[in-house]
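Remarks on the overall topology
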Amino acid sequence: MSQRPSATLALALAALSGAGLSQADDDYIVLASTTSTEASGLFDAIIPRFTEKTGISVRVVAVGTGQAFEIARRGDADSLLVHDTDGEETFVAEGYAAERADVMVNDFVIIGPDGDPAGIADAESVAEAMRRIAEVEAPFASRGDDSGTHRAEQRLWEAAGVEPGGAWYRELGSGMGPTLNTAAGMDAYVISDRATWVAFANPQNLTLLFAGDEALFNQYGSLLIDSARHPHLRHDLAQQWHRWLLSAEGQRAIAEFEMKGQPLFFPNALAD
Amino acid sequence: MTTSDNPFTTALALIAGMDPVLLGIVALSLQVSLTAVLIASLLALPLGAALALWRFPGRGVIIVTLNALMGLPPVVAGLTVYLLLSRAGPLGQFGLLFTPTAMVIAQVILILPIIAALTRQQIEELHGEYHDQLRSLGVSRPRMMPTLLWDARFSLLTVVLAGFGRASAEVGAVMIVGGNIDGVTRVMTTAIVLETSKGNLPLALGLGLVLLGLVLLVNAVAHLVGETARRRLG
Amino acid sequence: MNDLRLPATAASEIPPLTFEAVAVSHRGQRLLGPLDLRLAGCRRTLVMGPNGAGKSLLLRLAHGLLAPGAGRVRWEGGAPRQAMVFQRPVLLRRTALENLTYALAVDGTPRGQRRPRAREALERFGLAALEKRPARVLSGGEQQRLALARAWLTRPEALFLDEPTAALDPAAIRAVEAAVLDFHRRGTRVVMTTHDLNQARRLADDVVLLFGGRLIEHTPAERFFAQPRTPEGQAFLRGELVW
């Protein structure tokens with residue numbers, strides 16, 4: 001008896017999906033990833049090469065890192081590509097992922113208004129640059145959304161010995177792009193991943209003021225979801241994707257991706 | 001997709017260029033929203049008519065709930081559907097999350113209250129006018145339902161269009177349950193959000209103009225059909 | 001026409017309709033009654049009285065659209081087939097023909113017979129040319145004739161008409177009166193309200209006079225128009241009974 005309503009429901013839902021709405025290809029995985037990788041265009045460049053080789057298409061759900069973890073935790077994604085190494089290791093430790101591997105790095109950059117009111121352009125280190133912003137209380141736009149970039153920003157403040165707060169520190173609770181849009185609107189400093197910044201088309205007065213400190217390196221990791229916890233997932237296909245990203249071919253695809261003449265991601269899986 | 005600095009030029013270029021990516025997005029938007037409107041109407045029109053025709057315990061509660069749900073924030077609807085369809089949720093076994101079907105379900109939840117509540121108002125009004133005559137003819141209440149729904153068809157067309165407007169303009173729910181996957185669940189509104197986040201404001205606004213044009217077109221056609229018929233049938 | 005006479009029922013068999021101490025109140029105010037009245041036979045009863053006298057209430061009670069607050073409205077031997085025509089005809093937002101086929105469908109007429117019978121009725125009421133016209137855009141007189149045609153199709157043994165000519169021009173009034181006589185000839189008991197004394201003289205077999213919600217008199221027409229029994233009746237005929 002308890003199965004009947006769910007059988008009816010299944011039929012109704014099947015009829016619904018039969019209305020030509022679901023795409024037909026069966027060989028696909030759902031990849032939960034971050035807005036930075038999607039917005040930069042990286043996936044548009046590398047996924048077709050993977051699909052061509054394996055016949056597997058990759059459906060990217062681009063969200064903040066926090067939400068990406070949550071999607072994967074609930075078993076709604078077959079694979080995960082994010083940039084929060086601490087969080088990723090916790091995810092593995094909690095048993096949600098069977099394996100984690102470095103894939104590539106890009107770096108964070110500090111963006112700010114042309115005039116550079118805090119004078120960070122010639123700072124010695126990123127910690128110094130952050131301190132100068134806090135000292136003059138120049139407007140600073142923070143993601144404030146528990147994303148990988150937000151977590152990185154918080155670590156940078158901590159390393160600089162600053163506890164940000166007050167009217168100048170504006171937590172937006174938005175993705176990278178909307179945060180850049182807002183920062184441009186109020187001439188604020190902002191920390192962005194380089195990829196999103198280079199691809200960003202609405203800089204107005206904003207310009208890249210500080211980059212290059214090793215503390216700004218942004219490591220991306222690929223995670224293989226634990227098959228015991230979510231047996232329904234397409235583990236075989238996800239594993240092919242994971243292996244391909246780490247293979248020489250996948251790493252070359254990442255290296256060859258450029259935007260506006262700049263390489264944005266630097267593969268480092270093989271370096272280990 | 002091409003970009004220029006002027007959103008109107010961009011919109012025109014998008015339409016004139018018949019960009020296949022854009023066409024795919026437009027087609028999916030229409031498919032999702034029209035399917036949602038169809039399903040919601042099939043459920044909500046009889047529901048609204050029944051609420052207008054019958055007095056029963058709990059009727060007031062249903063009406064107040066429907067009226068309140070007309071203002072349901074799309075994000076909340078999206079989140080609810082997400083939790084239902086998620087693998088860890090009660091309907092997870094069907095694997096519908098991040099598919100157009102999930103988007104249809106979310107939109108149905110959003111627009112069903114609107115169509116049902118407005119239908120109830122329209123049918124109640126018409127029932128007031130027809131009541132004596134229909135009873136005089138010996139029409140039973142169950143039979144009044146199709147009679148009133150049919151005779152209110154022009155006002156109900158407007159009601160259904162209101163539902164279509166909300167469905168096609170909505171972004172919060174479809175973003176969460178669809179995932180804005182390129183070529184699979186990317187619709188007009190989620191594409192606009194994505195282009196905005198990339199800072200491609202002219203392209204985003206251009207897409208917005210295309211969406212506006214589409215909604216205008218659908219409304220204009222429906223309005224014309226409705227008005228012509230209304231004038232003809234009095 | 002094969003439906004000129006009602007099939008099973010001879011005129012004398014139309015069940016009498018009795019009002020027993022019937023009263024209607026609204027928010028503590030007495031609108032009608034208490035009132036006793038018996039309508040029997042195949043007669044044309046004209047209900048008269050000034051505005052607010054309770055004429056429409058009486059008709060709605062008789063037709064069963066309204067339940068009395070007190071007392072009882074009863075058909076002796078069971079309710080007959082009946083129809084009602086309102087002052088402002090309520091027509092569906094469909095064509096003239098569809099308004100008629102709808103009534104036939106509700107009545108259980110087999111699908112194949114609906115259109116021929118509806119067309120026959122349109123013809124009888126002079127509406128044949130208008131069959132495809134939306135009912136709502138017909139003139140007032142045409143709409144009322146269509147409402148009568150609809151009533152005709154349901155072969156009522158009792159027909160109630162609530163000021164059916166109040167909003168019509170003289171030609172349309174003549175058409176409605178002719179229809180009322182047709183119904184009666186076919187064996188239908190007619191109960192009709194009107195303001196128009198001349199109309200009542202033309203149509204009435206008997207007259208029911210209401211005033212202030214009370215039944216003043218129920219008298220055969222010849223007697224009523226010659227010499228009303230009550231002072232109110234005499235005042236009404238002189239045009240002096242106002243409310």
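Residues numbered from 1 in each chain as written. Chains lettered and ligands numbered in written order. Predicted model: local features only at pLDDT ≥ 70, side-chain atom pairs only at ≥ 80, totals over all residues. Heavy atoms only, no water.

With that settled, consider the layout of surface pockets. Counted as a void, the largest pocket has a volume near 660 Å³. Lining the largest pocket are 29 residues, and of these A:Thr35, A:Ala62, A:Val63, A:Gln67 and B:Met175 sit closest to its centre. For the lining of the largest pocket, the secondary-structure elements that each account for two or more residues are α2 (35-40), β2 (57-63), α4 (65-73) and α8 (176-186) of chain A together with α8 (172-178) and α9 (188-197) of chain B. Residue classes in the lining of the largest pocket are distributed as 14 nonpolar, 12 polar and 3 charged. If you count residues domain by domain, the lining of the largest pocket takes at least three from each of domain 1 (26-106 + 218-267) and domain 2 (108-216) of chain A. (1 Å grid on protein atoms, 1.4 Å probe; cavity = no way out; pocket = protein on both sides within 12 Å on 5 of 7 lines; lining within 4 Å. Points joined across faces, edges and corners; volume = space filled by probe spheres on them. Helix = DSSP H or I, 4+ residues; strand = E, 2+ residues; numbered from the N terminus. Nonpolar A, V, L, I, M, F, W, Y, C, P; charged D, E, K, R; others polar. Domains from an automatic or database assignment.)

Together, B:Leu38, B:Leu42 and B:Leu43 give the surface a local cluster of nonpolar side chains, amounting to about 330 Å² of exposed area. Its location among the elements puts B:Leu43 in helix α2 (residues 20-53). (Patch = residues over 30% accessible without salt bridge, like charges linked within 9 Å, V, L, I, M, F, W, Y side chains within 5 Å. Areas by Shrake-Rupley, 256 points an atom, 1.4 Å probe, with all protein chains shown as cover. Salt bridge = Lys/Arg side-chain N within 4 Å of Asp/Glu carboxyl O.)

To continue, consider the arrangement of the chains. The interface with the most contacts, out of 2 pairs of chains in contact, is the one formed by chains A and B. Considering only C-alpha positions, the minimal separation of the non-contacting chain A and chain C is 34 Å. (Contact = heavy atoms within 4.5 Å.)

A few words now on the domain arrangement of chain A. Residues and elements named next belong to chain A. Segmenting chain A into domains produces domain 1 (26-106 + 218-267) and domain 2 (108-216). Tallying the contact residues gives 19 residues for domain 1 and 17 residues for domain 2. On the surface where domain 1 and domain 2 come into contact, there are 2 salt bridges. At the level of elements, α2, α4 and α5 (85-93) are the ones that each hand at least two residues to the side of domain 1 that touches domain 2. Per-element accounting of the side of domain 1 that touches domain 2 gives the leading share, 4 residues, to α2.

Bringing the interface of chain B and chain A into the picture now. At the interface, 34 residues of chain B touch 32 residues of chain A. Considering only the side of chain B, the residues that lose the most area to chain A are B:Arg87, B:Phe98 and B:Lys198, jointly responsible for 20% of the buried surface there. For the pair chain B and chain A, the interface holds 1 salt bridge. A:Glu38 is paired through a salt bridge with B:Arg186; the nearest N and O atoms lie 2.8 Å apart. One can count 9 residue pairs in polar contact (both at pLDDT 80 or more) joining chain B with chain A. Residue assignment for the side of chain B that touches chain A shows that the elements contributing at least two residues are α2, α4 (74-85), α5 (100-136) and α9 of chain B. (Buried area = accessible area lost by both parts, 1.4 Å probe. Polar contact = N/O pair within 3.5 Å; in protein donor to acceptor, adjacent residues only side chain to side chain.)

We now examine helix α7 (residues 148-160) of chain A. An α-helical segment advances 3.6 residues per turn. Residues three or four places apart therefore align on the same side. Residues and elements named next belong to chain A. Under the 1.5 Å per step criterion, the end-to-end length of α7 is 18 Å for 13 residues, consistent within 8% with the ideal 18 Å. Along α7, the residues that are buried comprise Gly148, Thr149, His150, Ala152, Glu153, Leu156, Trp157 and Ala160. Where α7 ends, the next residue or the one after it, Gly161, has phi of about 75°, a positive value. (Expected span 1.5 Å × (residues − 1). Buried < 20%, exposed > 50% of the residue type's maximum accessible area, 1.4 Å probe, protein only.)

This next bit is on empty space enclosed by the protein. Enumeration according to the criterion identifies 2 cavities of 30 Å³ or more in this entry. Put simply, the largest cavity is a space of about 100 Å³. What lines the largest cavity is a set of 15 residues, among which B:Ser29, B:Leu30, B:Ser33, B:Ser168 and B:Leu211 lie closest to the centre. Only α2, α7 (153-169), α9 and α10 (201-233) of chain B provide two or more residues apiece to the lining of the largest cavity. With 4 residues, α2(B) is the single largest residue contributor to the lining of the largest cavity. Within the lining of the largest cavity, the residues separate by chemical class into 9 nonpolar, 5 polar and 1 charged. The volume enclosed by the second largest cavity comes to roughly 50 Å³. Elements that contribute at least two residues to the lining of the second largest cavity include exactly α2 and α7 of chain A.

So, about the packing of aromatic side chains. Residues and elements named next belong to chain A. Applying the stated criterion to the full structure yields 16 aromatic pairs over all chains. Here Phe50 and Trp241 contribute two aromatic rings whose centre-to-centre distance is 5.1 Å and whose plane-to-plane angle is 70°, an arrangement assigned as edge-to-face. Note that Phe50 is positioned in helix α3 (residues 42-54) and Trp241 in helix α10 (residues 235-246), a separation of 191 residues in sequence. Taken individually, Phe50 and Trp241 each receive the classification buried, so the pair is uniform in this respect. Geometrically, the ring pair formed by Phe50 and Trp244 is tilted, given 5.4 Å between the ring centres and 55° between the ring planes. (Phe/Tyr/Trp six-rings, centres within 6.5 Å; stacked < 30°, edge-to-face > 60°.)

Within the secondary structure, C:Arg124 sits in helix α3 (residues 111-124). Residues C:Arg124 and C:Gly28 lie 96 residues apart in sequence; the distance between their C-alpha atoms is 47 Å.

Take the interface of chain C and chain B next. Each side of the interface is counted separately: chain C has 21 residues, and chain B has 20 residues. Regarding the contact of chain C and chain B, the summed buried area is about 1,900 Å², with carbon and sulfur atoms giving 50% of it. Inspection of the chain C/chain B interface yields 4 salt bridges. Across the pair C:Arg94 and B:Asp151 runs a salt bridge whose closest N-O atoms are separated by 2.6 Å. The interface formed by chain C and chain B holds 13 residue pairs in polar contact (both at pLDDT 80 or more) in total.

Within a sheet, each strand pairs with its neighbour through backbone hydrogen bonds, oriented either parallel or antiparallel. All names here are of chain C. Pairing is mixed across the open sheet formed by 6 strands, whose spatial order is β5-β6-β7-β3-β8-β9. The outermost strands of the open sheet, each flanked by one partner alone, are β5 (82-85) and β9 (214-220). For this sheet, the mean inter-axis angle between neighbouring strands, taken without regard to orientation, is 15°. Across 4 bridges, strand β3 (residues 44-48) lies against strand β7 (residues 189-193) in parallel orientation. The residue of β7 that forms the bridge with Leu46 is Met192. Across the sheet, helix α5 (residues 170-185) touches β3, β6 (158-162) and β7, and the angle it forms with β7 is around 150°. (Pairing = 2+ DSSP bridges. Axes fitted to C-alpha atoms, helices over the stretch in contact; angles between N-to-C directions.)

Moving on: the packing of α4(A) against α5(A). All names here are of chain A. It is the contact of α4 with α5, at a shortest axis distance of 11 Å, that shows an interaxial angle of 15°. In terms of orientation, α4 and α5 fall into the roughly parallel class. As for how α4 packs across α5, the hand of that crossing is right-handed. Taking contact as the criterion, the partners of Phe69, Ala72 and Arg73 in α4 are, on α5, Gly87, Glu88 and Phe91. In the contact of α4 with α5, the residues fall into 3 nonpolar, 1 polar and 2 charged. (Parallel < 35°, antiparallel > 145°, perpendicular 65-115°, else oblique. Left-handed = near helix turned anticlockwise from the far one by under 90°.)

With that settled, the discussion passes to the packing of α4(B) against α5(B). Residue and element names in this part refer to chain B. Interhelical geometry of α4 versus α5 gives an angle of 135° and a closest axis separation of 9 Å. By the angle class used here, α4 and α5 are oblique. For α4 against α5, the interelement crossing comes out right-handed. Two secondary-structure elements touch here, α4 through Pro74, Ala77, Val81 and Leu85 and α5 through Ala102, Ile105, Ala106, Ile109 and Leu110. Taken together, the residues that form the contact of α4 with α5 break down as 9 nonpolar, no polar and no charged.

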